[in-house]
Amino acid sequence: MVPKGGSMSSRPSKPIRWSLVRLGFGTLAIAVVGVIAWNSVSFEKRPRGKGKPNAHPGLPNARSKPRSVIPDDQMMRSDGPPALLTRQEAPSPFRFAEIAAKAGIDFIHFSGMTDAKHFPTANGSGVAIFDFDNDGKLDLYFASATLLPLGTAVKGPNRLYRNLGDNRFADVTASSGLGFQGFCHGVVVGDIDNDGDQDVFLCNYGSNVLYLNQGNGAFLDISKSANIDRPGWSSGGAFLDADNDGDLDLYVANYGEWIYPQDDLFCGDREKGVRIYCSPRTIRPVKHNLYRNNGDRTFTDVTDAAGLGRADGHGFGVVAADLNGDGQIDLFVANDMDPNFVFYNKGDGTFEDVTETSGAALDEKGQALSGMGADAEDLDGDGRTEILVTNFANEANTLYQNLGQGRFLDISPYFGFASDTLPWVGWGTALADFDNDGWPDNFVTNGQVDNNRHLLGQRIKYEQPASLFHNKQGKRFRLATRDAGPYFASEHVGRGAAFGDLDNDGDIDIVVNHMDGPPALLRNDSRSRPPNHWIRLVLQGTRSNRDAVGAKVQVVVGQRTIHRQRKGGCSMLSANDPRLLIGVGQADEVAKLVVSWPSGAVSTLEHLKVDRTYELIEPVR
């Protein structure tokens, strides 16, 4: 086994150091109709209520379900799942065990929600999975919030748990310097100075915060000196090398502007004295931000110069990946009740705004939905990256098939998502291969916004079951929660979710940050018969950014080629395992592995053993 780019060594359990099928449902016919129809799409923004667009924010139904599809007695029932969900005849191929308390995680989230229903308190917080001390084990960092208006009280803090191995964690918040106390929504993780350790950016209501990893288990707040502590209301973001100069830039998704007390509108029933959360349409959207890394631990806001200066999106989930196949890292942003943003990288540090022509801004009916969580992955094996977005109840989660040439098409009804996601409010999500069969599956954490709808006579439950879908070899998804574990048979109020192999056993685990409660740590115990196999890639850039964000991987096993990317962002409010864990099914060898680095360098490796971790270093020339 001789690499054609890079260097290597091998051992089974420790890192090994180194210096496509089409959808089977008439895609072409659907694509032609979809592309033709796209030209007549208008960007009419619809409220969640039943009234006219821009309905008065004080209406009781200002954040009620839109264009109702499921009858109230099915969607709002509190005695079980809606009758429209797919009947699961066979048990799930997945098995997950919830082990948070047993693992020593005693974090309790605080949202700041009170009877006053201040809008920012609805959106919850995220969680990050990353190795803060470089010991080879993934640690956990949970975000939390406080009471509004800011300064009313001190709650929290965010908490960091060190992975001790053997599914045990210890709280090291005090010694780490990451005990932020404020109103934190999202966590973005990346190596901003290419020194080999992971730094942490917090997306807050208030000033954002950047922590520099000092390499000794402690972090230093450099927000002011880095020129990145701008006050506002940020929800999430992504590190990416937008200008391909070898260091990570930062895209920050902003939800909007909400200033207390002038923006603290009353929504609900005044006679009953019941407040509910207002519609997102009451929130003024603002520009998102792109910060260019200056290479000296400072950043410059280049939003307008980069072509990203539109201000019409309530931003949530961000995905940085090559969406149009040109080798450049692009941006997708899920927006709440606004068209999703799609920006294609032009290769010179600027972007082309293709939102209106991409096909991924609206649903198949030409409507903007309540986009929250997002991910992107090649679901059908054709080498092109699909996009998934989670939405509000009665909207269904949206799956956009990549048609090539930078165009997407909403295929949600044809891929098995429509009825099984319609009842729920979806948040954090991933397109991840949970059973290592080589086909990315889907997890979504769900949960309603208001916890008091029953006081208005509405049978809308606050807690909702999580969703788990199995990818049937790129042809469609099937709901797969039956016998997947007790967590999937109960209900929760989920928000942020992160994904990674916490116990280094070769499968992807799940961590969910629940609103105002303990989190879930879902250990993946799925076992196929005969067993599926995997390889793990730890990519290290040299000419490219050290995290190798933007790298693309091809894995050849038998007659299949599996395509994966080292993405930035993903899910919602959260940060995932930066390593690539790639399921290869029952193959006992990877015939060929090709890594295309952001710099243009290519590493080619052959005849790799499975069930091992490989660390690849980008060739320097």
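Remember, it's a predicted structure, so these values are computed and weren't measured experimentally.

1. A few points about the pattern of salt bridges
If the charged atoms of two oppositely charged side chains come close together, the side chains can form a pair. Under the definition given, this model contains 27 salt bridges. In this structure, R275 engages D264 in a salt bridge whose closest nitrogen and oxygen atoms are separated by 3.4 Å. Here R275, found in strand β14 (residues 274-275), pairs with D264, found in the loop between β12 (249-254) and β13 (268-269); they are 11 residues apart in sequence, far enough to count as distant. Note on R275: relative accessible area 17%, which makes it buried.

2. Observations regarding unusual backbone geometry
Cis geometry marks the peptide bond from G156 to P157; its omega dihedral reads 5 degrees. Residue P261 follows Y260 across a cis peptide bond; omega there is 5 degrees. Here P261 is to be found in the loop between β12 and β13. Phi at D516 takes a positive value of approximately 50 degrees, unusual for a residue other than glycine. With respect to the secondary-structure elements, D516 resides in the loop between β30 (509-514) and β31 (520-524). Here C570, not a glycine, exhibits a phi torsion of approximately 85 degrees, which is positive. One can find C570 in the loop between β35 (568-569) and β36 (580-585).

3. Observations regarding the sheet that holds strand β4 (residues 139-142)
Across a sheet, paired strands are connected by hydrogen bonds in the backbone, their directions being either parallel or antiparallel. The strand order across the open sheet built from 4 strands is β3-β4-β5-β6, with neighbouring strands paired in antiparallel fashion. Only two strands of the sheet have a single neighbouring strand rather than two, namely β3 (127-130) and β6 (168-171). Each adjacent strand pair in this sheet contributes to an overall mean axis angle of 25 degrees, direction not counted.

4. As for the environment of R478
You can see R478 is positioned in strand β28 (residues 477-479). R478 sits in the partly exposed class, given a relative accessible area of 40%. Between the C-alpha atoms of R478 and S92, which are 386 residues apart in sequence, the distance is 9.5 Å. With near-sequence residues (within four places) excluded, R478 lies in contact with L468, F469, H470 and K472.

5. Section: the state of the cysteines
Throughout the structure, instances matching the rule amount to 1 disulfide. Bridging C267 to C278, the disulfide has an S-S length of 2.1 Å. Looking along the S-S bond of the C267-C278 disulfide, the torsion reads about 105 degrees, which is the right-handed sense. Of this pair, C267 sits in the loop between β12 and β13 while C278 sits in the loop between β14 and β15 (289-293), and the two are 11 residues apart along the sequence. The pair C267 / C278 is uniform in exposure class, with both members buried. Cysteine C203 shares no disulfide, and the gap to the nearest cysteine sulfur, in C184, comes to 7.3 Å.

6. A short note on the nonpolar core
By size, the foremost hydrophobic cluster in this structure holds 33 residues, and its most contacted members are F201, L240, Y251, L331 and F351. When residues of this core are traced back to their parent elements, those giving at least two are β8 (199-207), β9 (209-213), β11 (231-240), β12, β15, β17 (315-321), β18 (330-335) and β19 (341-345). Top contributing element to this core by residue count: β12, with 4 residues. With near-sequence residues (within four places) excluded, F201 lies in contact with G186, V187, V188, N208, V209, L210, I228, F239, L250 and V252.

7. A few points about the sheet that holds strand β34 (residues 560-565)
Taken together, the 4 strands give an open sheet; going across it, the order is β34-β33-β37-β38, and neighbouring strands pair in antiparallel fashion. If you trace the sheet from one side to the other, it starts and ends with β34 and β38 (602-609), each paired once. Within the sheet, the average angular offset between the axes of one strand and its neighbour, ignoring direction, is 20 degrees. The pairing of strand β37 (residues 589-596) with β38 spans 7 bridges and is classified as antiparallel.

8. Some remarks on empty space enclosed by the protein
Its volume calculated, the largest cavity comes out at about 580 Å³. Taken together, 36 residues line the largest cavity, and the ones lying closest to its centre are K567, N576, D577, R579 and L580.

9. Let's talk about the side chain of R281
Of note, R281 is situated in the loop between β14 and β15. No salt bridge forms around the buried R281; measuring N to O, its nearest opposite-charge neighbour D338 is 4.5 Å away. Among the polar contacts listed, one links the side chain of R281 to the backbone oxygen of M337, at a separation of 3.3 Å.

10. Some remarks on the packing of aromatic side chains
Applying the stated rule across the entire model yields 24 aromatic pairs. Ring geometry for Y205 and W258: centres 6.1 Å apart, planes at 65 degrees, overall edge-to-face. With Y205 in strand β8 and W258 in the loop between β12 and β13, this residue pair connects regions lying 53 residues apart in the sequence. Accessibility assignment for this pair places Y205 and W258 in one class, buried. Taken together, the ring pairs connect F119, F183, Y205, W233, Y255, W258, Y260, F316 and W427 into an aromatic cluster. Residue placement shows K117 over the ring face of Y277; its charged tip is 5.8 Å from the ring centre. One Lys or Arg, K155, reaches over the ring of F110 and ends 5.4 Å from the middle of that ring.

11. Considering the pairing of strand β29 (residues 494-500)
Most of β29 is tucked away: 7 of the 7 residues are buried. In this structure, β29 lies alongside β30, joined through 5 bridges in antiparallel fashion. The residue of β30 that forms the bridge with G494 is H514.

12. Section: the environment of Y400
Secondary-structure assignment places Y400 in strand β23 (residues 398-404). The buried category is assigned to Y400, whose relative accessible area is 2%. Y400 has contacts with N340, G359, A360, A361, L362, D363, E386, I387, V389, F408, L409 and D410, leaving out every residue within four places of it along the chain. At a separation of 2.8 Å, a polar atom in the side chain of Y400 contacts the main-chain carbonyl oxygen of L362.

About the criteria used
- Residues numbered from 1 in each chain as written.
- Predicted model: local features only at pLDDT ≥ 70, side-chain atom pairs only at ≥ 80, totals over all residues.
- Heavy atoms only, no water.
- Salt bridge = Lys/Arg side-chain N within 4 Å of Asp/Glu carboxyl O.
- Helix = DSSP H or I, 4+ residues; strand = E, 2+ residues; numbered from the N terminus.
- Buried < 20%, exposed > 50% of the residue type's maximum accessible area, 1.4 Å probe, protein only.
- Pairing = 2+ DSSP bridges.
- Axes fitted to C-alpha atoms, helices over the stretch in contact; angles between N-to-C directions.
- Contact = heavy atoms within 4.5 Å.
- Disulfide = S-S within 2.5 Å.
- Core = buried A, V, L, I, M, F, W, Y, C linked by side-chain atoms within 4.5 Å.
- 1 Å grid on protein atoms, 1.4 Å probe; cavity = no way out; pocket = protein on both sides within 12 Å on 5 of 7 lines; lining within 4 Å.
- Points joined across faces, edges and corners; volume = space filled by probe spheres on them.
- Lys, Arg positive; Asp, Glu negative; His and termini not counted.
- Polar contact = N/O pair within 3.5 Å; in protein donor to acceptor, adjacent residues only side chain to side chain.
- Phe/Tyr/Trp six-rings, centres within 6.5 Å; stacked < 30°, edge-to-face > 60°.
- Lys NZ or Arg CZ within 6 Å of the ring centre and 35° of its normal.

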